[in-house]
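# Working through the structure, step by step
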Amino acid sequence: MKNLFVVMVFVLLTACGAKKSEPENNLKIDEDVNHPAEGFNYEASDPEAIVIADKVMTAMGGRKAWDETRYISWTFFGKRQLLWDKYTGDVRIDYLDCDEKLLVNINSMNGRAAIDGIEISESDSLAGYLKKAKSIWINDSYWLVMPYKLKDSGVSLYYLGNDTTETGRESFVLQLAFENVGDTPNNIYNVWVDEESNLITQWAFFEASEQPHPSFITPWEGYKKYGNIMLSGGRGKGQLTDIRVLNEVPKEAFTSFEPVNYKD
């Protein structure tokens, strides 16, 4: 459901088929319920897929821990650094290969932009840069936090059966389809959920449902605990680096172009 801003070459594999029994619903019922986002398509989604999605959320730290996580920072494929305030929707983007800084609130679409040290003041030009900033956030954040968004608004979630990953791990396979969300709602993702860890360890991207083979298949590896949640930066030939979950950031981080002094 995102534009891909980094062109990478991946080995293409066909989508998987079912070959094992369906998962059992052995989740413990407690107060940490993985409530779906408003607009999640329960009617179209498979019950087995919802069970697996809830297991993923538990393995990632739980809904409560995710909801209480506020600030996340990371570097996307060595190209740009992002800082995201989940509570307010403020996003800061600092390009690393050129002098471009974007400050946007993804809810109000207010913000600032500076290119080569010069702030953009013309309204139409600024609006274009802020739209670009939101698209970058949609793409780059999905590469980082997709496992927390299996029951997101506009998502239909399907259970495709079982398959092994490229590294031979036995996995459940889910498919995410989208409706009226993001920049590219026709995209499809298949995700492999490890049967032992319940972590997503691989995904495949299709530009549209009728596409017979994925555009790429990428591992999700290198999970670590950041704050109270799990995140992964290993994406095969690409890496998400400098991942931080922060308790606080300077108040100027989302209003000033001055460099941010990150403190974990």
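Here is what the cut-offs are and how they apply
- Residues numbered from 1 in each chain as written.
- Predicted model: local features only at pLDDT ≥ 70, side-chain atom pairs only at ≥ 80, totals over all residues.
- Heavy atoms only, no water.
- Helix = DSSP H or I, 4+ residues; strand = E, 2+ residues; numbered from the N terminus.
- Contact = heavy atoms within 4.5 Å.
- Areas by Shrake-Rupley, 256 points an atom, 1.4 Å probe, with all protein chains shown as cover.
- Phe/Tyr/Trp six-rings, centres within 6.5 Å; stacked < 30°, edge-to-face > 60°.
- Buried < 20%, exposed > 50% of the residue type's maximum accessible area, 1.4 Å probe, protein only.
- Lys NZ or Arg CZ within 6 Å of the ring centre and 35° of its normal.
- Core = buried A, V, L, I, M, F, W, Y, C linked by side-chain atoms within 4.5 Å.
- Pairing = 2+ DSSP bridges.
- Axes fitted to C-alpha atoms, helices over the stretch in contact; angles between N-to-C directions.
- Salt bridge = Lys/Arg side-chain N within 4 Å of Asp/Glu carboxyl O.

### Considering the overall build of the protein
For the protein, the count of helices and strands is three helices and 15 strands. By sequence separation, contacts in the protein at least 24 residues apart represent 54% of the contacts at least 6 residues apart. Total accessible area on the protein is roughly 12,800 Å²; 48% of this is exposed by carbon and sulfur atoms.

### Points about the environment of Gly78
Following the sequence through the fold, Gly78 ends up in the loop between strand S1 (71-76) and strand S2 (80-85). As a C-alpha pair, Gly78 and Leu240 span 162 residues in sequence and 7.5 Å in three-dimensional space. Residue contacts for Gly78: discarding those within four places in its chain leaves Leu96 and Gln239.

### Concerning the packing of aromatic side chains
Geometrically, a pair of aromatic rings is defined through the distance of the ring centres and the angle of the planes. Counted according to the given criterion, the structure contains 19 aromatic pairs. When the ring of Tyr189 is compared with that of Trp203, the centres are 4.7 Å apart and the planes differ by 25°; the resulting orientation is stacked. Of the two residues, Tyr189 is situated in strand S9 (residues 188-194) and Trp203 in strand S10 (residues 200-206); the sequence distance between them amounts to 14 residues. In this pair, the class of Tyr189 matches that of Trp203, namely buried. A cation sits over an aromatic face here: Lys86 above Trp66, 4.1 Å from the ring centre. Its end group placed over the ring of Trp220, Arg235 keeps NZ or CZ at 3.5 Å from the ring centre.

### Focus: the nonpolar core
One finds Tyr148, Leu150, Leu174, Leu176, Ile200, Trp203 and Leu231 to be the most contacted residues of the largest nonpolar core, which totals 62 residues. Top element by residues in this core is helix H3 (residues 123-145). It accounts for 10 residues. With sequence-adjacent residues up to four places away left out, Leu150 is seen in contact with Phe40, Ala53, Val56, Val155, Leu157, Leu174, Leu176 and Ile200. Judged by nonpolar contacts, the second largest core, of eight residues, contains Leu246, Val249, Ala253 and Val260.

### Considering the sheet that holds S9
The strands making up a sheet are joined through hydrogen bonds of the backbone, oriented either antiparallel or parallel. Taken together, the five strands give an open sheet; going across it, the order is S7-S8-S9-S10-S11, and neighbouring strands pair in antiparallel fashion. Of all strands in the sheet, those with a lone pairing partner are strand S7 (155-164) and strand S11 (216-219), marking the two edges. Ignoring strand direction, the axes of neighbouring strands in this sheet form an average angle of 20°. This element, helix H1 (residues 47-59), spans S7, strand S8 (170-178), S9 and S10 of the sheet and lies at about 85° to S7.

### Quick word on the pairing of strand S4 (residues 100-105)
Burial runs high along S4: five of the six residues are buried. For strand S3 (residues 90-95) and S4, the ladder comprises five bridges, and the chain directions are antiparallel. Considered in S4, the bridge of Asp94 is made with Lys101. Taking the residues between adjacent antiparallel strands as the criterion, S3 and S4 are bridged by four residues. Looking at chain direction, S4 and strand S5 (residues 111-115) are connected through five bridges and run antiparallel. Across the sheet, Val104 pairs through a bridge with Gly111, a residue of S5.

### A short note on the pattern of salt bridges
With the rule as written, the count across this model stands at 13 salt bridges. Salt-bridge contacts for Asp97 lead to Lys79; the nearest nitrogen and oxygen are separated by 3.4 Å. Of this pair, Asp97 sits in the loop between S3 and S4 while Lys79 sits in the loop between S1 and S2, and the two are 18 residues apart along the sequence. For Asp97, a relative accessible area of 52% translates into the label exposed. With relative accessibility at 24%, the residue Lys79 sits in the partly exposed group. With a shortest N-O distance of 2.6 Å, Arg92 and Asp94 are connected by a salt bridge. Each member of the pair Arg92 and Asp94 is classed as buried. Sharing partners across several salt bridges, the network here consists of Arg92, Asp94 and Lys101.

### Looking at unusual backbone geometry
In this structure, Met109 is a non-glycine residue whose phi angle is positive, near 65°. Counting through the fold element by element, Met109 comes out in the loop between S4 and S5. Residue classification places Met109 among the partly exposed residues on the basis of a relative accessible area of 29%. Positive phi values are uncommon outside glycine, yet Asp242 reaches one of about 55°. Among the structural elements, Asp242 can be located in strand S15 (residues 238-246).

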